[in-house]
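Report on the structure
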Amino acid sequence: MLLNLQSTLIGELLTTKEARRRQQMYDKLASDDHFSSALLVVREHLPSGNACLRINIDATKAGNVARFINHSCDGGNLSTVLVRSSGALLPRLCFFASKDIKEGEELTFSYGEIRVQPKGSKCFCGSFSCLGTLPSEHT
Ligand SMILES: C[S@@+](CC[C@H](N)C(=O)[O-])C[C@H]1O[C@@H](n2cnc3c(N)ncnc32)[C@H](O)[C@@H]1O
């Protein structure tokens, strides 16, 4: 069976100041193996490369099923797209299947390319292109 998947990430919308505060707190808690955060910083870029929009979505405490999607270094089987609906102040971060997904297959996407903490949290994506650590950026 092939899935036709479309989902939106729901979570708290944070100011950048609050996102930075929480990220520091989550990094400390991450030393405990049982803690997992779901704070995503989405940046939209102009063709010049400059960021023109930043959205901080924290689904750690309140969110929907999309908060359980793990990272894969090979890009996974989902793509993220910012979708704008007329009348909405902010775009929504939506996930679309980027390839055929078999029943029971784990849903994954790439959390990003940058790793500012080379000895950061270990990545267990298991893909051939796994870099060994999860993506990390200065928030
Ligand atoms: C959005 S949550 C994903 C769901 C999470 N695994 C859970 O069970 O709640 C993001 C967190 O999951 C963990 N995670 C996601 N992808 C991972 C991977 N490839 N390897 C190791 N941990 C991962 C990290 O702790 C990360 O901060």
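Calculation criteria
- Residues numbered from 1 in each chain as written.
- Predicted model: local features only at pLDDT ≥ 70, side-chain atom pairs only at ≥ 80, totals over all residues.
- Heavy atoms only, no water.
- UniProt positions renumbered as here; feature names shortened; annotations may be inferred.
- Helix = DSSP H or I, 4+ residues; strand = E, 2+ residues; numbered from the N terminus.
- Buried < 20%, exposed > 50% of the residue type's maximum accessible area, 1.4 Å probe, protein only.
- Contact = heavy atoms within 4.5 Å.
- Near = heavy atom within 4 Å.
- Polar contact = N/O pair within 3.5 Å; in protein donor to acceptor, adjacent residues only side chain to side chain.
- Nonpolar A, V, L, I, M, F, W, Y, C, P; charged D, E, K, R; others polar.
- Pairing = 2+ DSSP bridges.

Named according to an unreviewed UniProt entry, the chain is SET domain-containing protein originating from Gossypium lobatum. We quote the UniProt Subcellular location (unreviewed entry) comment for the chain here in full: "Chromosome".

A word on the environment of Cys 125. Structurally, Cys 125 can be placed in the segment after strand E8 (108-109). Exposure remark for Cys 125: the relative accessible area of 24% places this residue in the partly exposed category. When the C-alpha positions of Cys 125 and Ser 136 are compared, they lie 15 Å apart, and in sequence the two are 11 residues distant. With sequence-adjacent residues up to four places away left out, Cys 125 is seen in contact with His 71, Ser 72, Cys 73 and Cys 130.

Before going further, it helps to spend a moment on the site of the ligand. Residues in contact with the ligand amount to 14 residues; listed here are only the nearest, Ser 37, Arg 67, Asn 70, His 71 and Phe 124. Here Ser 36 contributes a side-chain N or O atom positioned 3.1 Å from an oxygen atom of the ligand. Contact distances for the ligand include 3.2 Å between an oxygen atom and a backbone N or O atom of Ser 37. Taken together, the residues of the shell around the ligand break down into eight nonpolar, four polar and two charged.

Taken together, the three bridges between strand E2 (residues 12-14) and strand E4 (residues 51-58) define a ladder with antiparallel strand orientation. In the strand pairing of E4, Leu 14 is matched with Asn 56. Pairing of strand E3 (residues 39-45) with E4, which is carried by seven bridges, proceeds in the antiparallel orientation. Paired with Leu 40 across the two strands is Ile 57, which belongs to E4.

Looking now at the UniProt feature "domain: Post-SET" (unreviewed entry) in the chain. The UniProt record marks residues 119-135 with the feature "domain: Post-SET" (unreviewed entry), using the residue numbering of this structure. Segment residues 119-135 splits into 0% helix and 0% strand. End C-alpha atoms: 11 Å apart.

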